[in-house]
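# Residue-level structural notes
Read off the chains here:
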Amino acid sequence: MLLKDEVGMLQRIPLFSGIESTKLKLLAFTSDRVSYSAGQILFRQGDEGDAAYVILSGRADILVDSDSGPIKVAEMVPNSIVGEIAILCNSSRTATVRAASPLEALRISKDHFLRLMKEYPEMTIEILRVLADRLSHTTADLIDARSAK
C-alpha cells in the first residue's frame, strides 16, 4: 500500500482524525503494518506492553485467563485500538488478543504512541473516551453477572 493510501486510511480512524497529514505520514512510516491469520495471537495476557495496535481490517477477540480457561470478554472491529492499557499503565498486558478473522493492524511502538499523545491532546481525549466506554460496558456486565447470582 502506498504511503498516501495509508495516510488516508488513518484519517478515517477517529483516534487520528485530528492529526495533521504530515504527522500521519510520519506515523505510517514509523509504524509497522502487520497481518495475522484467523486464530493467530497478537499478544498474550502478561506480555510486556511494548506497542498498541489499531485494527485496520478484520476482527479480534479479547480473551482473559480464568481458572476454567480463556473467557472472551470483547470483540474488536476495524478502527479499534488494543494494547493501549499496558502502555498507559506501564504494566503487563491485561488480556490476550487473538485474530478472529484475517486481520491487518498498525503496530505503534510504546514510545511513538506516548509521543503522539503528548503532541495531540485530541488523541488523548479520544483514548480517554474509548477507555471510559469500555469501563462503562464492563461495569454493566459486572452488574448483570452479580444480579444473576
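Fair warning: this is a prediction, and the values are worked out from it, not measured in the lab. (Residues numbered from 1 in each chain as written. Predicted model: local features only at pLDDT ≥ 70, side-chain atom pairs only at ≥ 80, totals over all residues. Heavy atoms only, no water.)

For the rest of this paragraph, the subject is the nonpolar core. L10, L15, F16, L27, V54, F113 and M123 are the most contacted members of the largest nonpolar core, which has 23 residues in total. Elements represented by at least two residues in this core include exactly α1 (3-11), α2 (21-30), β3 (51-57), β8 (103-109), α4 (110-119) and α5 (121-147). If we ignore the near neighbours within four places in the chain, the residues touching L10 are F16, L24, L27, A28 and L106. Core analysis: the next-biggest nonpolar cluster, separate from the first, contains 16 residues, A60, I62, A95 and A105 among them. (Core = buried A, V, L, I, M, F, W, Y, C linked by side-chain atoms within 4.5 Å. Buried < 20%, exposed > 50% of the residue type's maximum accessible area, 1.4 Å probe, protein only. Helix = DSSP H or I, 4+ residues; strand = E, 2+ residues; numbered from the N terminus. Contact = heavy atoms within 4.5 Å.)

A few words on the side chain of H112. Mapped onto the secondary structure, H112 falls in helix α4. You can call H112 buried: its relative accessible area is 9%. Here the side chain of H112 touches T30 through a polar contact of 3.3 Å, side chain to side chain. Ignoring anything within four residues of it in the chain, the contact list for H112 reads L27 and T30. (Polar contact = N/O pair within 3.5 Å; in protein donor to acceptor, adjacent residues only side chain to side chain.)

Now for the UniProt feature "domain: Cyclic nucleotide-binding" (unreviewed entry) in the protein. The feature "domain: Cyclic nucleotide-binding" (unreviewed entry), as given by UniProt, occupies residues 15-134 in the numbering adopted here. With 33% helix and 32% strand, the stretch residues 15-134 has end C-alpha atoms that lie 15 Å from each other. (UniProt positions renumbered as here; feature names shortened; annotations may be inferred.)

Taken together, the four strands give an open sheet; going across it, the order is β2-β7-β4-β5, and neighbouring strands pair in antiparallel fashion. For this open sheet the edge positions go to β2 (41-43) and β5 (71-76), each flanked by a neighbour on one side alone. Looking at each pair of strands side by side, their axes are set apart by 30° on average, direction ignored. (Pairing = 2+ DSSP bridges. Axes fitted to C-alpha atoms, helices over the stretch in contact; angles between N-to-C directions.)

Right, let's get into the packing of α4 against α5. As a packed pair, α4 and α5 sit with axes 5 Å apart at the nearest point and diverge in direction by 110°. When the axes of α4 and α5 are compared, the pair comes out roughly perpendicular. Two secondary-structure elements touch here, α4 through F113, L116, M117 and E119 and α5 through P121, M123, T124 and I127. A breakdown of the residues in the contact of α4 with α5 according to their chemical character gives six nonpolar, one polar and one charged. (Parallel < 35°, antiparallel > 145°, perpendicular 65-115°, else oblique. Nonpolar A, V, L, I, M, F, W, Y, C, P; charged D, E, K, R; others polar.)

Another point: the packing of aromatic side chains. Inspection of the entire model under this criterion finds one aromatic pair. Pairing F43 with Y53 gives two aromatic rings, centres 5.7 Å apart and planes at 35°, and the pair type is tilted. Of this pair, F43 sits in strand β2 while Y53 sits in strand β3; the two residues are ten residues apart in sequence, bridging distant segments of the chain. Under the relative-accessibility criterion, F43 is labelled buried at 7%. Over the aromatic face of F43 sits the side chain of R93, whose NZ or CZ is 3.9 Å from the ring centroid. (Phe/Tyr/Trp six-rings, centres within 6.5 Å; stacked < 30°, edge-to-face > 60°. Lys NZ or Arg CZ within 6 Å of the ring centre and 35° of its normal.)

Tracing the sequence through the fold places R33 in strand β1 (residues 32-36). The class for R33 is partly exposed, based on a relative accessible area of 31%. Taking C-alpha positions, R33 is 9.1 Å from L56, a pair spaced 23 residues apart along the chain. Only 2.5 Å separates the side chain of R33 from the side chain of E104, close enough to count as a polar contact.

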